[in-house]
Amino acid sequence: MMVMKQLRSAVVIGYMLSITWIRRNLLSLVWLFATPFSILFIVTVTTSGQAFVQGVIGSLLLVLVSVGTGMAGDATWYRLELKLHDYFIASPVHQLAYLLGIALAGLFYSTPALMVLIPILVYIGLPMASLPLAILAVGIVWLFSAAIGYLVSTYVSNLRNGWQSGLLLSVIFGILPPAFYPAEILPSSLLLVAYLVPTTHAVLLLRVLMGQTVNLAGWSPLIGWIALVVMLLVALAGTSKVARWRQP
Amino acid sequence: MAQASFSALVLSGLGLILKAIESTLLSKTYHGGKNPALDRVTMVVDSGQVFTLLGRNGAGTTTFLRIAATQLSPSSGEISVLGSDVRHAPDRVRRNVAAVPQEGNTIGPLTAWDHVYLALLARGMSRTEARKRTRYTLDQLELTEYQNQPADTLSGGLRQRVRVAMAVATDAELLFLDEPTLGLDAISRRRIWAVLREICKEGRTILLTTHYIEEAEILSNHVAIINSGRLISSGSPSDLLGKVEERVRVDVEGSGVSSDELASYGRLVRVAERWRVFTSDAKAGELTQEAVRRGCRVSVAPVSLEDLFVELVGREEE
């Protein structure tokens with residue numbers, strides 16, 4: 001019951017911080033297309049279309065990573081400028097519900113990009129039966145990124161650093177891991193580093209779900225799923241423990 | 001329409017007063033700060049009151065309020081809110097409080113209605129109840145005619161009223177209002193005061209910070225004056241004024257009476273082109289007669305909370 005109440009709070013906060021903006025400000029939907037689709041374009045053109053599938057997977061993940069890590073800026077803005085953070089602390093809303101609410105707001109913004117990318121993904125080889133698993137994998141990456149973005153936001157003391165941190169995190173979790181290029185080309189030492197990022201596992205799982213063969217030492221779909229779930233749980237637990245809901 | 005806190009009403013009906021907030025030797029030193037922002041403050045806020053924290057900028061009033069509202073951790077000391085320990089059981093406190101943080105802003109395109117209604121839903125209220133309370137509160141704060149306007153098209157004063165409505169509309173037993181009337185015109189401020197008084201009649205408690213001394217004087221059941229993090233005086237406005245020996249202030253303008261002569265009647269302060277003399281009732285009469293006889297312009301008024309505040313804080317800083 002308590003959990004349902006908090007989930008309801010999260011959905012309301014998500015709605016509060018996104019839908020009304022979107023209704024009056026369509027530009028806020030467009031910017032999320034810019035980077036992922038630009039990279040998709042570059043990857044596709046420079047490989048004469050051979051890396052299109054990889055590019056679509058990478059774009060999908062980059063959209064979700066961006067809205068997640070973008071919380072570093074958004075949540076900083078809500079805390080420092082709007083004082084929404086302080087408003088919700090002094091209320092029955094739990095920190096994780098607030099986090100989920102802001103994360104949902106980001107997800108709502110990303111809906112148009114997802115509505116383009118997911119059908120493309122299905123069109124180019126993701127079986128419909130595997131769609132729920134694919135959504136689960138990318139959903140975990142989104143929530144992980146949001147938790148990290150929120151955690152960082154609670155330590156940031158000015159708005160500019162908030163936006164900058166979000167951009168930096170989106171590079172770390174969305175662009176550098178093997179999302180737009182095959183993990184197989186990474187030297188083994190860098191691959192080990194890439195395994196520490198959930199995006200890597202989500203990309204590999206999507207490739208497997210699309211029928212591709214992934215030949216990487218020490219990685220299997222089971223390990224990928226376990227890694228994703230463990231990383232998400234660690235991120236959520238760490239955030240609820242370390243994030244500054246109440247300022248020290 | 002708004003439901004009073006049942007327990008508070010029953011207890012006040014029985015002549016019992018609950019403590020809404022109780023702090024003991026509460027201190028706060030910010031990271032990297034040399035001096036404490038709050039220094040061993042021991043204070044009790046009774047239920048059903050408007051309790052005002054009055055202080056200069058940076059005096060520690062907001063720090064106290066934020067600690068009580070579970071937004072900030074104290075460095076040392078104890079504080080309980082509505083019977084729950086703020087340090088160790090903040091979630092229990094949070095179920096029954098609401099806050100208007102200082103100098104925040106509204107959410108751009110959300111309407112006044114959206115702000116209040118969605119905030120209530122997020123706090124867990126049913127849609128029917130949230131709708132009812134939103135309508136009532138917007139009406140109370142004279143926001144009904146703006147309820148469908150996006151907040152970013154409203155004036156600063158209206159936006160501030162919307163923020164106040166977000167806390168006032170809740171069913172919280174204790175409201176934390178950090179400078180809720182900052183930047184508002186006199187009419188809007190009075191509107192908010194009227195609403196806050198109604199809230200108190202329902203048995204709810206308000207902890208308020210303000211720099212407007214008139215606001216504290218008119219609105220509060222109890223005023224605590226804080227300076228440099230320390231509680232320097234506390235009581236009802238009339239109690240505080242009752243502690244003053246010089247109950248009258250006489251403003252004298254003109255060259256007919258020298259400052260030395262004026263000083264013989266009481267404490268003398270220069271205010272722009274006038275001399276202000278703080279004195280007793282009897283001496284005020286004498287001084288007025290003498291000053292008028294010598295052709296000075298004179299005005300007489302009872303000492304205000306502002307005079308007391310200036311004197312107490314000034315004395316502290318000396």
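As a starting point, this report considers the structure included with it.

Parameters at a glance
Residues numbered from 1 in each chain as written. Chains lettered and ligands numbered in written order. Predicted model: local features only at pLDDT ≥ 70, side-chain atom pairs only at ≥ 80, totals over all residues. Heavy atoms only, no water. Helix = DSSP H or I, 4+ residues; strand = E, 2+ residues; numbered from the N terminus. Buried < 20%, exposed > 50% of the residue type's maximum accessible area, 1.4 Å probe, protein only. Areas by Shrake-Rupley, 256 points an atom, 1.4 Å probe, with all protein chains shown as cover. Lys, Arg positive; Asp, Glu negative; His and termini not counted. Charge placed at Lys NZ, Arg CZ, Asp CG, Glu CD. Contact = heavy atoms within 4.5 Å. Buried area = accessible area lost by both parts, 1.4 Å probe. Salt bridge = Lys/Arg side-chain N within 4 Å of Asp/Glu carboxyl O. Polar contact = N/O pair within 3.5 Å; in protein donor to acceptor, adjacent residues only side chain to side chain. Nonpolar A, V, L, I, M, F, W, Y, C, P; charged D, E, K, R; others polar. Phe/Tyr/Trp six-rings, centres within 6.5 Å; stacked < 30°, edge-to-face > 60°. Lys NZ or Arg CZ within 6 Å of the ring centre and 35° of its normal. 1 Å grid on protein atoms, 1.4 Å probe; cavity = no way out; pocket = protein on both sides within 12 Å on 5 of 7 lines; lining within 4 Å. Points joined across faces, edges and corners; volume = space filled by probe spheres on them. Pairing = 2+ DSSP bridges. Axes fitted to C-alpha atoms, helices over the stretch in contact; angles between N-to-C directions. Patch = residues over 30% accessible without salt bridge, like charges linked within 9 Å, V, L, I, M, F, W, Y side chains within 5 Å. Expected span 1.5 Å × (residues − 1).

Tallying secondary structure elements over chain B gives twelve helices and 14 strands in all. The buried share among the 318 residues of chain B stands at 53%. Roughly 14,000 Å² of accessible area belongs to chain B as shown, and the carbon and sulfur atoms make up 47% of that amount. Side chains of chain B give 38 positive and 40 negative charges; the mean places of these two sets differ by 4 Å.

In this section: the interface of chain A and chain B. Contacts between chain A and chain B engage 27 residues on the former and 42 residues on the latter. Roughly 2,900 Å² of surface becomes buried between chain A and chain B when both sides are summed, with 59% attributable to carbon and sulfur atoms. If you look at where chain A meets chain B, you find one salt bridge. Here Asp86(A) makes a salt bridge to Arg66(B), at a shortest N to O gap of 3.1 Å. The interface formed by chain A and chain B holds 15 residue pairs in polar contact (both at pLDDT 80 or more) in total. Broken down by secondary-structure element, the contributors of at least two residues to the side of chain A that touches chain B are helix H1 (2-16), helix H2 (19-24) and helix H6 (84-89) of chain A. Here the residues of the side of chain A that touches chain B are counted per class, giving 16 nonpolar, four polar and seven charged.

Counted by the stated rule, this structure contains eight aromatic pairs over all chains. Ring plane angle 75 degrees and centroid distance 6.2 Å describe the contact between Tyr98(A) and Tyr150(A), whose orientation is recorded as edge-to-face. Here Tyr98(A) is found in helix H7 (residues 95-123), whereas its partner Tyr150(A) is found in helix H8 (residues 131-153), with 52 residues between them in sequence. Each member of the pair, Tyr98(A) as well as Tyr150(A), is classed as buried. An aromatic cluster is defined as three or more aromatic residues linked by ring pairs; in this entry it consists of Tyr87(A), Phe88(A), Tyr98(A), Tyr150(A) and Trp245(A). The positively charged end of Arg189(B) is found above the aromatic ring belonging to Tyr212(B), 3.9 Å away from the centroid.

All names here are of chain A. Considered as a void within the structure, the largest pocket measures approximately 660 Å³ in volume. What lines the largest pocket is a set of 25 residues, among which Trp 31, Ser 66, Gly 70, Asp 74 and Trp 163 lie closest to the centre. For the lining of the largest pocket, the element with the most residues is helix H9 (residues 159-175), which contributes seven residues. Taken together, the residues that form the lining of the largest pocket break down as 14 nonpolar, ten polar and one charged.

As a further point, take empty space enclosed by the protein. Over the atoms rolls a probe the size of a water molecule, and its path tells where empty space is left. Across all of its chains, the model carries four cavities of 30 Å³ or more by this definition. Of the voids in this model, the largest cavity is the one considered here, and its volume is about 80 Å³. Along the wall of the largest cavity there are 13 residues; nearest its centre are Leu82(A), Tyr87(A), Asn105(B), Arg163(B) and Met166(B). When contributions to the lining of the largest cavity are tallied by element, the ones reaching two or more residues are H6 of chain A together with strand E6 (97-100) and helix H6 (156-168) of chain B. Taken together, the residues of the lining of the largest cavity break down into eight nonpolar, three polar and two charged.

Glancing now at unusual backbone geometry. Keep in mind that most residues, glycine aside, have a negative phi and that most peptide bonds are trans. Residue and element names in this part refer to chain B. Phi at Glu 103 is positive, roughly 50 degrees, even though this residue is not glycine. Counting through the fold element by element, Glu 103 comes out in the loop between E6 and helix H4 (112-122). Take Glu 103: its relative accessible area is 55%, and that puts it in the exposed class. Positive phi values are uncommon outside glycine, yet Glu 142 reaches one of about 55 degrees. With respect to the helices, strands and loops of the structure, Glu 142 is situated in the loop between helix H5 (127-140) and H6. What makes Glu 142 partly exposed here is its relative accessible area of 43%.

Before going further, it helps to examine the sheet that holds strand E5 (residues 84-85) of chain B. All names here are of chain B. Ordered in space as E2-E1-E4-E5, the four strands form an open sheet in which the pairing is antiparallel. Strands with a single pairing partner mark the edges of an open sheet, and in this sheet they are strand E2 (38-46) and E5. Summarising the sheet, strand E1 (residues 19-28) and E2 pair through six bridges and their orientation is antiparallel. If you follow Ile 21 over to E2, its bridge partner there is Val 45. Its contacts with the sheet put helix H2 (residues 61-68) on E1, E2 and strand E4 (76-81), and the angle it makes with E1 is roughly 120 degrees.

All names here are of chain B. When you line up the elements, Asp 251 lands in strand E11 (residues 248-253). Note on Asp 251: relative accessible area 7%, which makes it buried. Among the polar contacts made by the side chain of Asp 251, one reaches the side chain of Arg 274 at a distance of 3.4 Å. Side-chain polar atoms of Asp 251 contact the side chain of Arg 276, separated by 2.8 Å. For Asp 251, the contacting residues outside a window of four places in its chain are Arg 274, Trp 275, Arg 276, Arg 297, Val 298 and Ser 299.

Strands belonging to one sheet form pairs held by backbone hydrogen bonds; the direction of such a pair is parallel or antiparallel. Residue and element names in this part refer to chain B. One open sheet holds the six strands; their spatial order is E6-E7-E8-E3-E9-E10, and the pairing between them is mixed. At either end of the open sheet lies a strand with only one pairing partner, and these are E6 and strand E10 (230-235). Averaged over all pairs of adjacent strands, the angle between their axes in this sheet comes to 15 degrees, without regard to strand direction. Sheet analysis places E6 next to strand E7 (residues 174-178), joined by four bridges and oriented parallel. Bridge pairing in E7 places Ala 99 opposite Phe 176. The sheet strands contacting helix H7 (residues 186-201) are strand E3 (50-54), E7 and strand E8 (205-210), and the helix crosses E8 at an angle near 150 degrees.

Right, let's get into a nonpolar patch on the surface. Residue and element names in this part refer to chain A. Among the surface-exposed residues, Leu 168, Val 171, Ile 172, Ile 175 and Leu 176 lie close enough to one another that they form a single nonpolar patch of about 410 Å² accessible area. Of note, Val 171 is situated in helix H9. Since its relative accessible area comes to 32%, Val 171 is described here as partly exposed.

Attention shifts here to H8(A). With 23 residues, H8(A) should reach 33 Å at 1.5 Å per residue; the first-to-last C-alpha distance of 32 Å fits that figure. H8(A) sits mainly inside the fold: 17 of its 23 residues count as buried.

A word on the pairing of E1(B). Where E1(B) meets E4(B), five bridges bridge the pair, whose relative direction is antiparallel. Paired with Thr24(B) across the two strands is Glu78(B), which belongs to E4(B).

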